[in-house]
Amino acid sequence: MTQSAMAKKAQSDPIALFVSDLHLQESHPHTTQAFFDFLKTHAMYARQLYLLGDLFEYWAGDDDLVTPYNKKIAEAIRHVSDAGIEVFWIAGNRDFLVGKDFARSAGMTLLPDPYVAQIAGQQIVLAHGDAQCTDDVSYMAFRNQVRHPEWQEKFLSQSLSERKAIIAGMRAESRSSQRTKSMEIMDVNQAAISSLFSTTGTSLMIHGHTHRPARHEYHDKNNVRVRYVLPDWECDTAPVRGGWIEIGSDGCIKRFDINGIELQ
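J.: Sorry if this is basic, but what is going on with the pattern of salt bridges here?
T.: A side chain of one charge can pair with a side chain of the opposite charge when the charged atoms of the two come close. Scanning the model with the defined rule gives 11 salt bridges in all. Its salt-bridge partner being aspartate 101, residue arginine 104 comes within 2.9 Å of it at the nearest N-O pair. With arginine 104 and aspartate 101 both in helix α4 (residues 100-106) and three residues apart, the pair spans about one turn of that helix. Residue arginine 104 is classed as exposed on the basis of its relative accessible area, which comes to 53%.

J.: Hey, could you run me through the sheet that holds strand β7 (residues 204-207) in this one?
T.: Within a sheet, adjacent strands bond to each other through the backbone by hydrogen bonds, running parallel or antiparallel. Reading across the sheet, the five strands line up as β5-β6-β7-β9-β8 and stay open at both edges, with mixed pairing between neighbours. The outermost strands of the open sheet, each flanked by one partner alone, are β5 (115-119) and β8 (214-220). Each strand of the sheet is rotated relative to its neighbour by a mean of 25°, with strand direction disregarded. Alignment of β5 against strand β6 (residues 122-126), held across five bridges, turns out to be antiparallel. Across the sheet, residue alanine 117 finds its bridge partner in β6, namely isoleucine 124. Against the sheet, helix α8 (residues 190-200) touches β5, β6, β7, β8 and β9 (223-229), its axis set at about 115° to β9.

J.: Would you mind showing me how to read the packing of aromatic side chains here?
T.: Two descriptors summarise a pair of aromatic rings, namely the distance from one centre to the other and the angle between the planes of the rings. In the structure shown here, the tally under the stated rule is 13 aromatic pairs. Seen in terms of ring centroids, tyrosine 50 and phenylalanine 88 are 4.8 Å apart; in terms of plane orientation they differ by 20°. Their pairing is stacked. Here tyrosine 50 is found in strand β2 (residues 48-51), whereas its partner phenylalanine 88 is found in strand β3 (residues 86-89), with 38 residues between them in sequence. There is no split in this pair, since tyrosine 50 and phenylalanine 88 are both buried. Consider the rings of phenylalanine 56 and phenylalanine 102, whose centres lie 5.6 Å apart with planes at 85°: the pair is edge-to-face. In this pair, phenylalanine 56 sits in the loop between β2 and α3 (68-82) while phenylalanine 102 sits in helix α4, placing the two residues 46 residues apart along the sequence. Cluster of aromatic residues (ring-pair linked, three or more members): Phe38, Trp233, Trp244 and Phe256.

J.: I tried to follow the environment of leucine 111 on my own but got confused; where do I start?
T.: Positionally, leucine 111 belongs in the loop between β4 (109-110) and β5. Take leucine 111: its relative accessible area is 13%, and that puts it in the buried class. Separated by 78 residues in sequence, leucine 111 and asparagine 189 have C-alpha atoms that sit 23 Å apart. Sequence-distant contacts of leucine 111, defined by excluding residues within four places in its chain, comprise Tyr50, Phe88, Trp89 and Ile90.

J.: Sorry, what's going on with the side chain of glutamate 234 here?
T.: Within the fold, glutamate 234 resides in the loop between β9 and β10 (243-248). Looking at glutamate 234, its side chain comes within polar contact range of the side chain of histidine 28, at 3.5 Å. Sequence-distant contacts of glutamate 234, that is, excluding residues within four places in its chain, are made with His28, Thr31, Pro239, Val240 and Arg241.

J.: Explain the sheet that holds strand β12 (residues 262-263) here, please?
T.: Here seven strands make up an open sheet; going across it, the order is β4-β3-β2-β1-β10-β11-β12 and the pairing mixed. The sheet terminates laterally at β4 and β12, the two strands that pair on one side only.

J.: How should unusual backbone geometry be read in this particular structure?
T.: The general pattern is negative phi for most residues beyond glycine and trans for most peptide bonds. Here the amide bond leading from aspartate 113 into proline 114 is cis, since omega sits at 5°, within 30 degrees of zero. Relative to the helices and strands, proline 114 resides in the loop between β4 and β5. For the bond from alanine 238 to proline 239, the omega torsion is -5°, close enough to zero to count as cis. By the secondary structure assignment, proline 239 is in the loop between β9 and β10. A positive phi is found at aspartate 21, a non-glycine position, where the angle reads about 55°. Even without being a glycine, alanine 120 presents a positive backbone phi close to 50°. Tracing the backbone shows alanine 120 in the loop between β5 and β6. Classification of alanine 120 as partly exposed rests on a relative accessible area of 31%.

Rules behind the numbers
- Residues numbered from 1 in each chain as written.
- Predicted model: local features only at pLDDT ≥ 70, side-chain atom pairs only at ≥ 80, totals over all residues.
- Heavy atoms only, no water.
- Salt bridge = Lys/Arg side-chain N within 4 Å of Asp/Glu carboxyl O.
- Helix = DSSP H or I, 4+ residues; strand = E, 2+ residues; numbered from the N terminus.
- Buried < 20%, exposed > 50% of the residue type's maximum accessible area, 1.4 Å probe, protein only.
- Pairing = 2+ DSSP bridges.
- Axes fitted to C-alpha atoms, helices over the stretch in contact; angles between N-to-C directions.
- Contact = heavy atoms within 4.5 Å.
- Phe/Tyr/Trp six-rings, centres within 6.5 Å; stacked < 30°, edge-to-face > 60°.
- Polar contact = N/O pair within 3.5 Å; in protein donor to acceptor, adjacent residues only side chain to side chain.

Here is the structure:
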């Protein structure tokens, strides 16, 4: 361990790190390298790493691990896991087909969405965030369809090339439909957020999906609830963006940008 790494470890003593929406793809090498750097420089000095969905731009099925790029990503995560860091995964809307084979290859644990984690003495509800975008009626209908076991079984029965062609068509259709939707429709619904807080009995939430990083605070009588939204990552076009959330051993929650600078 270098002196700078030891200084960082002594200073922050991170328990858990959270990232989402990297949308990794071979055509974005700088974003990919930023993820590798994050794993080596930061994740290796935490106790837990939570990947909260859309790590990949798309995932056609675990048999796509034969692709060298995908195998390289799995091996990078496995390197963190082999070092003794617990790695957890919640599926996103782009990579909900990640299954047990990928999890085994990457050395990580698949979690349901939502999931209540106990971290540094706090109960925190974790989610990708798309299930709470209930104002986007057409997306919610699509989500219900593709998350159904029968649809997934039928889809995965097709050849890998056929699946990738279907996904390419879906992505093009999604980009087209998003041009006609307002940012408000594609953001989380506040009633859905309140319901998630209530049903889980938590006062802290971390999610991604919306690409609108922020810290939201809600006051209800004597209760204070806080929702953290993770940023998406993009290092191949300007402006460069990305970052993560850290929870320290003291329970303090910090947000960092892509350069590792703490956000206030």
